[in-house]
Amino acid sequence: MKQPVRVAVTGAAGQIGYALLFRIASGEMLGKDQPVILQMLELPIDKAQAALQGVMMELEDCAFPLLAGMVGTDDPLVAFKDVDIAMLVGAKPRGPGMERKDLLLENAKIFTEQGKALNKVASRDVKVLVVGNPANTNAYIAMKSAPDLPAGNFTAMLRLDHNRALSQLASKAGVPVGEIEKLVVWGNHSPTMYPDYRFATVGGESLRHKIGDEDWNRDAFIPRVGKRGAEIIEARGSSSAASAANAAIDHVRDWVLGSGGKWVTMGVPSDGSYGIPEGIIYGVPVTTSDGAYERIRDLEIDAFSRERMDKTLAELEEERAGVAHLL
Ligand code: NAX
């Protein structure tokens with residue numbers, strides 16, 4: 001039997017946590033032969049801790065053979081102790097009348113504290129995925145707060161946007177979703193993101209040529225993917241949870257086990273390529289193997305794409321400026 005992998009999940013009693021933990025414990029993220037220890041963090045308030053106990057009771061009742069242990073806590077230093085993977089889902093939601101700026105600052109406090117805790121007690125090569133919004137900037141804050149850990153191991157989730165874009169494309173082109181390759185979602189996990197299928201192929205053929213309709217790209221596809229989260233809230237009465245958990249599993253699974261040559265989108269600290277200033281956490285295409293990601297380089301950026309990529313970059317730079325005094 002392999003040694004167990006320690007996985008921290010924050011916001012474990014929330015709706016994404018509820019859709020995520022059982023799949024991790026059943027082996028869907030790290031493999032059906034990989035035992036896991038779940039280290040779950042929730043807020044130090046009675047209701048959240050009671051809900052967390054309930055989730056842990058249900059995990060117990062599943063009798064997952066791969067679940068080698070569980071920790072439930074309100075202390076990040078306990079939750080992150082020796083973790084190999086940290087999935088930072090818990091965040092402060094936007095309340096009524098709350099400005100985006102206030103949301104940013106409230107979350108900055110959380111991710112500063114959690115970055116420091118990771119820095120102190122996590123495995124030295126912990127892989128961090130930030131799901132809690134604003135995900136890219138939260139990942140940036142955690143990365144800056146953890147100077148002893150590899151900066152490249154702090155990532156933000158763009159995979160839900162990537163998966164949403166794949167499904168829209170499959171249905172427009174009338175092709176199986178699993179056959180689309182080489183899709184990219186650039187930038188911030190926000191409505192400014194730029195889903196880009198200029199390089200995408202299906203069965204080796206250009207998807208762009210197959211679809212043909214350039215107006216659809218600008219007028220329907222890009223706005224639809226960008227506003228999909230709002231569309232789900234409108235329909236379901238609450239935000240995406242199962243699809244978000246699924247994307248988080250896709251992100252970590254591919255990072256750890258490899259994407260098999262497929263392009264996937266990850267929000268990673270920029271190395272300066274594509275005109276993105278170094279350090280900004282920006283969605284880019286990568287392939288993954290042996291526990292590492294590698295950027296797809298030297299893609300041609302046309303004028304339309306440059307404009308879209310700069311717009312989402314401007315938003316990220318503004319967010320970074322809004323928290324600069326804290327870091
Ligand atoms: P919920 O409100 O259902 O759950 C969040 C949980 O986090 C709550 O149980 C809360 O008590 C806990 N929490 C809050 N602050 C915490 C802290 N400092 N430490 C530990 N736990 C804490 O939200 P849910 O629907 O699960 O969404 C979680 C986050 O994911 C939100 O920020 C949401 O905006 C974000 N999302 C990000 C997505 C992405 O693609 N990157 C998509 C889905 C989702 O909207």
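Residues numbered from 1 in each chain as written. Predicted model: local features only at pLDDT ≥ 70, side-chain atom pairs only at ≥ 80, totals over all residues. Heavy atoms only, no water.

By the naming in an unreviewed UniProt entry, the protein chain goes by Malate dehydrogenase and is assigned to Luteimonas vadosa. In its Sequence similarities (unreviewed entry) section, the UniProt entry covering the protein chain states "Belongs to the LDH/MDH superfamily. MDH type 2 family." (UniProt positions renumbered as here; feature names shortened; annotations may be inferred.)

Peer 1: So what's going on with unusual backbone geometry? Which residues, and what values?
Peer 2: Each neighbour pair has its own omega, and for Asn133 with Pro134 the value is -5°, a cis peptide bond. Phi is positive for Asp82, which is not a glycine, with a value near 60°. Checked against the element boundaries, Asp82 lands in the loop between α3 (76-79) and β4 (85-88). Given the relative accessible area of 39%, Asp82 is considered partly exposed. Backbone geometry places Tyr274, a non-glycine residue, at a positive phi of 55°. Looking at the secondary structure, you find Tyr274 in the loop between β12 (264-269) and β13 (281-289). Its relative accessible area of 14% is what places Tyr274 among the buried residues. (Helix = DSSP H or I, 4+ residues; strand = E, 2+ residues; numbered from the N terminus. Buried < 20%, exposed > 50% of the residue type's maximum accessible area, 1.4 Å probe, protein only.)

Peer 1: Give a description of helix α6 (residues 159-173) that names residues and reports values.
Peer 2: Spanning 15 residues, α6 covers 21 Å between terminal C-alpha atoms, matching the ideal 21 Å at 1.5 Å per step. Buried residues dominate α6, accounting for twelve of its 15 residues. Along α6, the residues classified as buried are Arg159, Leu160, Asp161, His162, Asn163, Arg164, Ala165, Leu166, Gln168, Leu169, Ala170 and Ala173. Just downstream of α6 lies Gly174, where phi reads positive at about 65°. (Expected span 1.5 Å × (residues − 1).)

Peer 1: Kindly report on the sheet that holds strand β10 (residues 201-202), identifying the contributing residues and their values.
Peer 2: Read from one edge to the other, the open sheet built from three strands follows the order β7-β10-β11, with strand pairing classed as antiparallel. Taken across any chain shown, the strands that pair with only one partner, and hence form the sheet edges, are β7 (180-181) and β11 (205-206). Judged from the two bridges that link them, β7 and β10 form a sheet pairing that is antiparallel. Within the sheet, the bridge partner assigned to Ile180 lies in β10 and is Val202. (Pairing = 2+ DSSP bridges.)

Peer 1: So what's going on with the site of the ligand? Residues and values would help.
Peer 2: Neighbouring the ligand are 23 residues; Gln15, Ile16, Glu42, Val131 and Asn133 lie closest to it. Relative to its unbound accessible area of 870 Å², the ligand is 82% covered by the protein chains. Mapped by element, the contributors of at least two residues to the shell around the ligand are α1 (15-25) and α4 (100-121). Taken together, the residues of the shell around the ligand sort by class into twelve nonpolar, ten polar and one charged. (Near = heavy atom within 4 Å. Areas by Shrake-Rupley, 256 points an atom, 1.4 Å probe, with all protein chains shown as cover. Nonpolar A, V, L, I, M, F, W, Y, C, P; charged D, E, K, R; others polar.)

Peer 1: Any chance you could break down the pattern of salt bridges for me, citing the residues and the numbers?
Peer 2: Evaluation of the coordinates by the stated rule reveals 19 salt bridges. Where Lys172 meets Asp213, a salt bridge forms, and the shortest distance between an N and an O atom there is 3.7 Å. Taken together, the residues Lys172 in helix α6 and Asp213 in the loop between α7 (207-211) and α8 (214-226) connect sequence positions 41 residues apart. For Lys172, a relative accessible area of 36% translates into the label partly exposed. One salt bridge connects Glu214 with Arg208, and the closest N-O pair in it is separated by 3.0 Å. Its relative accessible area of 29% is what places Arg208 among the partly exposed residues. Each of Arg159, Asp250, Arg253 and Asp254 takes part in a single network of salt bridges with overlapping partners. (Salt bridge = Lys/Arg side-chain N within 4 Å of Asp/Glu carboxyl O.)

Peer 1: Got a sec to walk through the pairing of strand β2 (residues 36-41)? Specific residues and values, please.
Peer 2: The buried fraction of β2 amounts to six of the six residues, a majority that puts the element mostly inside the structure. Because side chains alternate across β2, one face comprises the buried residues Val36, Leu38 and Met40, and the other comprises Ile37, Gln39 and Leu41, equally buried. Each parallel crossover has a hand, and for strand β1 (residues 5-10) linked through α1 to β2 it is right-handed. Where β2 lies against strand β3 (residues 67-73), six bridges are found, and the strand directions are parallel. Within β3, the residue paired with Gln39 across the bridge is Val71. For the crossover that starts at β2, traverses helix α2 (residues 46-61) and ends in the parallel β3, the hand is right-handed. (Right-handed = clockwise from strand over helix to strand, strands pointing away.)

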